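Single-letter residue listing:
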Amino acid sequence: MPDRSESDSRKLLRRLRDVLAMPGAGQDRLDRITHLIADSMRTEVCSIYLFRDAETLELCATEGLKKESVHQTRMRLGEGLVGRVARMGQPVNTANAPAAKGFRYMPETGEELFSSFLGVPIQRVGEKLGVLVVQSKTAREFSEDEIYAVEVVAMVLAEMTELGAFGGDDSSLRARHRQPVMFRGGTGQEGAAEGRVWLHEPRVVVTNPVADDPLTEIDRIREAVGRLRISIDDLLAAEQLDKEQKQVLDAYRMFAQSRGWLRRMEEDIMRGLSAEAAVEKEQSTARARLEQVQDPYLRERMHDIDDLSNRLLRILTGQGRDTGAEMPDNPVLVARNIGPAELLDYGRNLRGVVLEEGSVGSHAAIVARALAIPLVIHAGNITSEALNGDPILVDGDQGVAHLRPEETVVRAFRDKIAMQAEAQKRYASLRELPATTTDGVTISLNMNAGLMADLPSLRGSGAEGVGLFRTELQFLVRSQMPKRAELAALYARVMDAAGDKRVTFRTLDIGSDKVLPYMKPNDEPNPAMGWRAIRVGLDKPGVLRMQLQALIRASAGRPLTVMFPFIAEQSEFLAARSHLLREIHREKSLGHPVPERLEIGAMCETPSLAFAPRSFFELADFISIGGNDLKQFFFAADRENERVRRRYDTLNLSFLDFLEGVVKRCAATATPLSFCGEDAGRPIEALAFAALGFRLLSMRPASIGPVKALLRRVELAQARAVIEAARAAGDESARPRLTAWLSSQPD
Ligand code: PEP
Ligand code: MG
C-alpha cells in the first residue's frame, strides 16, 4: 500500500472528524461531508443515500448533483446502481456508469454528465444504512486505494448514523435505531408484555472511529487480540465441555490465531481508523460476505466471527457484559439465544424474552414456560436492531415483537393487555369455585409445573393439584448431575408447598434433544423419536433409580404419585414400575419410611400405547395423555418445526376419535385418565376433551381461569352432541361447529 494513500485516507478521516465535531443540524453536516469528500477525492460529485425504510433509499445530500433532487430522488433496493450497491452490500466501480448493468437514468439529478461511478455501502456490522457515491466526468475506474478510502469514510458515516449524528427533524435522517421495527417470529410461550429492552449481550458502541496515532492503536489491538487468545485457551482448558462446545471454541481459536485477521485490522488502523473501528470494519466485511451464503455451517461460522469480534470490542472498550447500565424496571430480555441456567438467573424479574434463535422445545423455552414469561423465538436480527432501554412489546400469542413501537401500536397493545388483566380479575373470582358444567359434570383442573417457584401459583390459580411436574429443569440448569440428597430436599419442598394437594412427578424426560450439560451427547438423526425419556431411564437405570430414591425420601411417608414419560409398550411400564417397587423395598429394608399410598402412572405419548393389552390398563394406576408428543406422532408433524406444527388441528375428528378410544379403554378398566399437554389449557380444546370423557386436565396456571370460565357456562352433553354432529357430517375438524355453537351460548 503506497504511503501517500495512507496519509490521504488519514487526512480525509481527520477532516471528516472535524466536520462531525462541529455543531450543526443533521442536514448541514451531511452537506459539509459530501463537499469534503468530493474535494478530497477530487471528484465532481459526492452523494449520500440513506434508507428511508427497509426497501427505499433516498438521496439525502449531494455535492455536484442538482440540489433540488435532495430528498426527492428515491430508489428501491436493487434499483439502479445505487440500489445494486445496497442490495449486494459491496462496492460498484465503473468507468462508464450509463453503460453499466442496472443503471437507471434519473433526469432530476443531472447525473448523465458523469461517467465514472463508485458506490460503496454504508453499513454497520452487516446492517444496511445507505450508500455513499462519488462520481466524476472523466471516464476512469477508481483505484483500490480510492475504493478503500471511500469504504472507510462510509464506515465512519455508518458509525455516526448509528450514534444519531445526523438526527434532526427530518425523519429520513433519523438514526436507524430510532425507527419502529416489527419482528415476526414464532411463539415460544404465550402471553403479552410491555417493557424495555435489556440485551443479554449488549452491543458495543464505538464512539471514536477515527484515531490520530496509529502506533498506539496498533499496540492496543495487538494487546487485545493477545488477551482474546488467552481467554479462548482458558475456555478450552475448562472441564466439562461437550463435543459441540469444543468444536465451536476450536473454530474460535483458529480464527483468533489467524494472521490475516490481525494484519487486515492493522492496515485499517494505518489508514486512520481506531482499533475499535478496525475490528468493526472486519466484522462488517465478514458479515456482508457470509450473508450471501446459504450453507448453514458457514452461516454458523458467521455467528462465531461476530461473537469473536464482539469479545474483542468488549476487551478494547472495557464495555463488558456488565456495562454498568441499570436494568430497567420492566426488562424484556433480548438475546440471540440463552441457556436455561442464565435465564433462570434473571428469573421472574423479566417481563418477556425475545430470541433470534431458540425453538419451542429448547431449554430456554422450557424455562420461559416454567416461569410463565412470554417468549418470542426466531425474531430476525433483533440483537442488531435493539438497543438497551428501547421500548418493546412482546406478543407471545402471535409470536411478534414490536421494537420502538408507534404510539398507535402501543395503544392497541395496552388495550389487549388491559382486556387480559380484566379477564384475569374475572377468573380470580372463580378461584374457589369448581369447574362444573351446567349439566353437573365436574372436571378437575390441575396445573403443570417444573420449578419450586411455580408452587405459589397452586393457590393463586385455583388448581386442584399439580397434574404434571416436569423434573428436567433441575437437571438442565446444573453443570453437574444433581445429588440425590439435593433432589430429595427439593421434591420435599415441592410436596410441602402443595400441602394436601396431589403432585404428579414425572421422571426425567431427557434425550438427545435435551442434552444435559454433563452427559455425552448422542448424534441421532431424529432425536424426538430417539433415545429419550424412559428409554434412557431403562437402558441406564442409575439416574432413574437415584431419582426414584429421591422421590421416596422426599415423600417421607406421605402419598407419592409418579408418572413415567414416553411409555410405548406395556413391558416398558412394567420395567419402570418394578424399578420403583424395588427402590421402595430397599428403602423399607433400610428402615426408611415409605409412601403411605403409591400411584404409578404412564404417559401416553405414542399412539402404540392406546393399543396395549388390557393388562396394562389394569396395572396402571392412571394414564396421562402427553398431547404435545402424542399429536406430533399421530399426525407425523414435528412439534418443533414451525412449518408443520400448526398444520393439523387438535380437534381433527380422527384425533378426537383416537382420544375417545383411549377414554373407552380406560373406562373398561376404571383407570383414571388425564390430559396434560398444552392443548388442555386451550378453552375450546379443554371443552372437547371434557366432552369426550376426560375428567382431569392439567395446564399452565394462567389457563385455569379461562378454561374454568368456559366449562362453567356450558352443557357438556350438548358439546358432545355438537362433536357427534360434526363427525356424522364428515367434517374434518369439530372446531367450526363447536365455535359456532359456543358463540350462541349465553355468557
Ligand atoms: C407432552 O408431550 O404433552 C408433555 C406433557 O410432555 P413434554 O411437553 O414435556 O414433552
Ligand atoms: Mg412429552
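The structure reproduced in this document is the subject of the present report. None of these values were measured; they are calculated from a predicted model. (Residues numbered from 1 in each chain as written. Chains lettered and ligands numbered in written order. Predicted model: local features only at pLDDT ≥ 70, side-chain atom pairs only at ≥ 80, totals over all residues. Heavy atoms only, no water.)

1. Description of the overall build of the protein chain
Here comes step 1: Looking only at helices and strands, the protein chain has 26 helices and 23 strands in total.
Here comes step 2: Its C-alpha atoms put the protein chain at 95 × 60 × 40 Å along the principal axes.
Here comes step 3: Residues counted as buried form 54% of the 747 residues belonging to the protein chain.
Here comes step 4: A separation threshold of at least 6 residues defines the contact pool for the protein chain, and within that pool the share at least 24 residues apart is 67%.
Here comes step 5: Carbon and sulfur atoms make up 51% of the accessible area of the protein chain, which amounts to about 31,600 Å² in all.
Here comes step 6: In the protein chain, 99 side chains carry a positive charge and 105 a negative one; their mean positions are 3 Å apart. (Helix = DSSP H or I, 4+ residues; strand = E, 2+ residues; numbered from the N terminus. Buried < 20%, exposed > 50% of the residue type's maximum accessible area, 1.4 Å probe, protein only. Contact = heavy atoms within 4.5 Å. Areas by Shrake-Rupley, 256 points an atom, 1.4 Å probe, with all protein chains shown as cover. Lys, Arg positive; Asp, Glu negative; His and termini not counted. Charge placed at Lys NZ, Arg CZ, Asp CG, Glu CD.)

2. Let's talk about the site of ligand 1
Here comes step 1: Ligand 1 sits among 13 residues. The nearest are Arg470, Glu605, Gly626, Asn628 and Arg639.
Here comes step 2: Here arginine 506 contributes a side-chain N or O atom positioned 2.9 Å from an oxygen atom of ligand 1.
Here comes step 3: Residue arginine 639 places a side-chain N or O atom 2.8 Å away from an oxygen atom belonging to ligand 1.
Here comes step 4: In isolation ligand 1 exposes 290 Å². Once the protein is present, 98% of that is buried.
Here comes step 5: Elements supplying a minimum of two residues to the shell around ligand 1: strand S17 (465-470) and helix H21 (627-634).
Here comes step 6: Looking at which element gives the most residues to the shell around ligand 1, the answer is H21, with three residues.
Here comes step 7: Considered class by class, the residues forming the shell around ligand 1 number three nonpolar, four polar and six charged. (Near = heavy atom within 4 Å. Polar contact = N/O pair within 3.5 Å; in protein donor to acceptor, adjacent residues only side chain to side chain. Nonpolar A, V, L, I, M, F, W, Y, C, P; charged D, E, K, R; others polar.)

3. Re the sheet that holds strand S6 (residues 127-136)
Here comes step 1: In spatial order, the strands read S3-S2-S1-S6-S5-S4; together these six strands make up an open sheet with antiparallel pairing. Either end of the sheet is taken by a strand with one partner, and the two such strands are strand S3 (74-76) and strand S4 (92-94). Going from strand to strand, the sheet's axes swing by 25° on average, the running direction of each strand aside.
Here comes step 2: Helix-sheet contacts for helix H2 (residues 26-41) involve strand S1 (45-53), strand S2 (56-63) and S6, and the interaxial angle to S2 is about 65°. (Pairing = 2+ DSSP bridges. Axes fitted to C-alpha atoms, helices over the stretch in contact; angles between N-to-C directions.)

4. Re the coordination of the magnesium ion (ligand 2)
Here comes step 1: Ligation of the magnesium ion (ligand 2) by protein atoms is provided by Glu605 (OE) and Asp629 (OD), these donors lying 2.0 to 2.1 Å from the ion. In this pair, glutamate 605 is assigned in the loop between strand S20 (598-604) and helix H20 (614-619) and aspartate 629 in helix H21, connecting sequence segments 24 residues apart. The burial state of glutamate 605 is the same as that of aspartate 629; both residues are buried. (Donors = N, O, S within 2.8 Å, 3.2 Å for Na, K, Ca; no water.)

5. Quick notes on helix H25 (residues 716-728)
Here comes step 1: In this model, H25 (13 residues) spans 18 Å end to end at C-alpha, consistent with the 18 Å of a helix rising 1.5 Å per residue.
Here comes step 2: The set of residues buried in H25 consists of Leu716, Ala719, Val722, Ile723 and Ala726. Down the axis, H25 shows its buried residues gathered within 115° of arc, on one side only.
Here comes step 3: In this structure, the buried side of H25 is in contact with helix H22 (653-668), helix H23 (683-692) and helix H26 (735-743).
Here comes step 4: A positive phi of about 80° marks glycine 730, the residue just after H25. (Expected span 1.5 Å × (residues − 1). Arc of directions from axis to C-beta.)

6. With respect to the side chain of lysine 708
Here comes step 1: By the secondary structure assignment, lysine 708 is in helix H24 (residues 701-712).
Here comes step 2: The buried charged residue lysine 708 lacks any salt bridge partner; its closest oppositely charged side chain belongs to glutamate 464, at an N-O distance of 7.0 Å.
Here comes step 3: There is a polar contact of 3.1 Å between the side chain of lysine 708 and the backbone oxygen of arginine 431.
Here comes step 4: The contacts of lysine 708, once residues within four sequence positions are left out, are Leu430, Arg431, Leu433, Pro434, Ala435, Leu445 and Gly462. (Salt bridge = Lys/Arg side-chain N within 4 Å of Asp/Glu carboxyl O.)

7. Structural notes on the pairing of S1
Here comes step 1: For S1, the tally of buried residues reaches seven of nine residues, placing the bulk of the element in the interior.
Here comes step 2: Of the pairings in the sheet, the one linking S1 to S2 comprises seven bridges and is antiparallel in character. Opposite tyrosine 49, over in S2, you have leucine 59 as the bridge partner.
Here comes step 3: Between the antiparallel neighbours S1 and S2 lie two residues.

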